[in-house]
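This is what each chain is made of:
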There are 2 protein chains.
Amino acid sequence: MTGIQDYYPEHFAHCYGCGRLNEHGHRIKTFWEGDETVTRFLPKEYHTALPGFVYGGLLASLIDCHGTGSASLALAREQGIDLNGFNAPRCVTASLKVDYKKPTPIGSVLEIRGIIRELKGRKVITEARLLADGVVTVTGEIIAIQVGDDFGKS
Amino acid sequence: MTGIQDYYPEHFAHCYGCGRLNEHGHRIKTFWEGDETVTRFLPKEYHTALPGFVYGGLLASLIDCHGTGSASLALAREQGIDLNGFNAPRCVTASLKVDYKKPTPIGSVLEIRGIIRELKGRKVITEARLLADGVVTVTGEIIAIQVGDDFGKS
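A short tour of the structure in this document, coming up. (Residues numbered from 1 in each chain as written. Chains lettered and ligands numbered in written order. Predicted model: local features only at pLDDT ≥ 70, side-chain atom pairs only at ≥ 80, totals over all residues. Heavy atoms only, no water.)

### So, the overall build of chain A
Condition: Starting at the N terminus, helices and strands are each numbered in turn, a helix being any DSSP run of H or I of at least four residues and a strand any DSSP run of E of at least two. For the radius of gyration, the atoms used are the C-alpha atoms, and the globule rule reads 2.2 Å times the number of residues raised to 0.38.
Within chain A, the secondary structure is distributed over one helix and six strands. Counting from the amino terminus, helix and strand elements in chain A follow one another as β-β-α-β-β-β-β. A compact globule built from 154 residues should have a C-alpha radius of gyration of about 15 Å, and chain A, at 15 Å, falls within 12% of that. Taken along its principal axes, the extent of the C-alpha atoms in chain A is 45 × 30 × 30 Å.

Below you can see the structure in the form of structure tokens.
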């Protein structure tokens, strides 16, 4: 499985949530399925809130990185970038909103699906929903901003 | 250092973010300092976004658990509960909003400070700010709801 994160420049590939070079992290991968972006993740048994349910902070983290990944996918498509090597646009999160609709059961692969709501210049708004066993348990909105290759290097 | 989390009933003490019984988790502790609630946390070196900066998902997680902890503290004070044993009110997050104002440098203890904006019945709204080296880098708002002892047991 290849995700947009496989195309991030090395400097941007250390994120705990989605960096392919962070051996301690979640290493999520985000890709297109038709017009929606998708990320799948299996929480560890210790990622609990209450016993039997997934920790809300992890769910927020997944939605956050899904949002920057979705924004990168959308920008690459908008800008006609042929992804190869490490040439993906890279974004950071400006704002994250998460609504917990019901407890998320632990034990199965979670699916986060995104719809690009707005793309204007360097700004991308993604609407996300997180499903456990096919049921939406969490929704979110991520505002991501494209940054230059030198971001965070100064 | 004692936090409200030390007074959670056992069933609620397994949260990856703040459960004293989750040996894999962050085990944050939230307490009063005057009229503000405070949590302090030192990220691991691998909790990075870009090299040198803290992963936004972790920051969202800290604000989330700080919010439920703050809500519990506020409810205990409102309800005149003398905290001892495991009698703290326990809350879950209904909604989380996080704004990333600037990159958060990694390497020092982060401080999350909360102000209780509203307490109405079982609902508590906390406004939070996260500081690194005394500078606010992230702000947030958490809507938490008090739940009964049997929450998540069915």
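### Regarding the relation of the copies chain A and chain B
Selection rule: Least squares is the method for superposing the copies, and the C-alpha atoms it fits come from residues with pLDDT of at least 70 in both. Contacts between residues were defined by any pair of non-hydrogen atoms, one from each residue, lying within 4.5 Å.
Rotating chain A by 180° and moving it 0.0 Å along the rotation axis overlays it on chain B with an RMSD of 0.0 Å. A rotation of that kind, with that shift, is consistent with a two-fold axis. Across chain A, the smallest distance between a C-alpha and the rotation axis is recorded for Lys-97 of chain A, namely 2.2 Å. Here 100% of the contact residues of chain A are again contact residues in chain B; the copies associate through an equivalent surface.

### A look at the interface of chain A and chain B
Basically, it comes down to this: For any pair of parts, buried area is found by adding up, for both, the accessible area (1.4 Å probe) each one loses once the two are put together. Any Lys or Arg side-chain nitrogen found within 4 Å of a carboxyl oxygen on Asp or Glu counts as a salt bridge. Distance and chemistry together define a polar contact, namely a pair of N or O atoms within 3.5 Å, with one atom able to donate a hydrogen and the other to accept it when in protein, and with adjacent residues in sequence counting only for side-chain atoms on both sides. Strand pairing requires that DSSP identify at least two bridges connecting the strands.
Contacts between the two partners involve 36 residues from chain A and, on the opposite side, 36 residues from chain B. Considering only the side of chain A, the residues that lose the most area to chain B are Tyr-16, Leu-50 and Tyr-55 of chain A, jointly responsible for 22% of the buried surface there. The interface formed by chain A and chain B includes zero salt bridges. The interface formed by chain A and chain B includes 20 residue pairs in polar contact (both at pLDDT 80 or more). Broken down by secondary-structure element, the contributors of at least two residues to the side of chain A that touches chain B are helix H1 (56-78) and strand S3 (90-100) of chain A. Per-element tally for the side of chain A that touches chain B: the top contributor is S3 of chain A, with eight residues. Direction of pairing for S3 of chain A relative to strand S3 (residues 90-100) of chain B: antiparallel, over a ladder of five bridges. If you follow Val-98 of chain A over to S3 of chain B, its bridge partner there is Leu-96 of chain B.

### What to know about helix H1 (residues 56-78) of chain B
To keep things clear, this is the line we draw: Expected helix span is given by 1.5 Å per residue-to-residue step, counting one fewer step than there are residues. Relative accessibility thresholds used throughout: buried, under 20% of the residue-type maximum; exposed, over 50%; partly exposed, between the two (1.4 Å probe, protein chains only).
The first and last C-alpha atoms of H1 of chain B sit 32 Å apart over 23 residues, in line with the 33 Å expected at 1.5 Å per residue. The buried fraction of H1 of chain B amounts to 21 of the 23 residues, a majority that puts the element mostly inside the structure.

### Quick notes on the environment of Val-124 of chain B
All names here are of chain B. Its place among the elements puts Val-124 in strand S5 (residues 123-132). For Val-124, a relative accessible area of 0% puts it in the buried group. C-alpha separation for the pair Val-124 and Thr-68, spaced 56 residues apart in sequence, amounts to 8.6 Å. Each residue touching Val-124, except ones within four places of it in the same chain, is listed here: Ala-71, Ala-74, Leu-75, Ile-116, Glu-118, Leu-119, Ile-142, Ile-143 and Ala-144.

### Points about the packing of aromatic side chains
Applied cut-off: Between rings of Phe, Tyr and Trp, where Trp is taken as its six-membered ring, a pair exists when centres lie within 6.5 Å; planes separated by under 30 degrees are stacked, by over 60 edge-to-face, and by other angles tilted. The rule for a charge over a ring is simple: NZ of Lys or CZ of Arg within 6 Å of the ring centre, and within 35 degrees of the ring normal.
Applying the stated rule across the entire model yields four aromatic pairs over all chains. Ring centres 6.0 Å apart and planes at 20° place the aromatic pair Tyr-16 of chain A and Tyr-46 of chain B in the stacked group. Here Tyr-16 of chain A is found in the segment before strand S1 (30-33), whereas its partner Tyr-46 of chain B is found in the loop between strand S2 (36-41) and H1 on a different chain. Each member of the aromatic cluster is reached from another via a ring pair, and the members are Tyr-16 of chain A together with Tyr-46 and Tyr-55 of chain B. In this arrangement the basic side chain of Arg-77 of chain A is found over the ring face of Trp-32 of chain A, its NZ or CZ atom lying 3.7 Å from the centre.

### Here we look at the pairing of S5 of chain B
All names here are of chain B. Burial analysis of S5 places seven of its ten residues in the buried class, the great majority of the element. Judged from the ten bridges that link them, strand S4 (residues 110-120) and S5 form a sheet pairing that is antiparallel. Residue pairing in the sheet places Ile-116 in a bridge with Thr-126 of S5. Joining the antiparallel neighbours S4 and S5 is a turn of two residues, in which Gly-121 adopts a positive phi near 65°. Summarising the sheet, S5 and strand S6 (residues 135-147) pair through ten bridges and their orientation is antiparallel. Counted as the bridge partner of Ile-125 is Ile-143 from S6.

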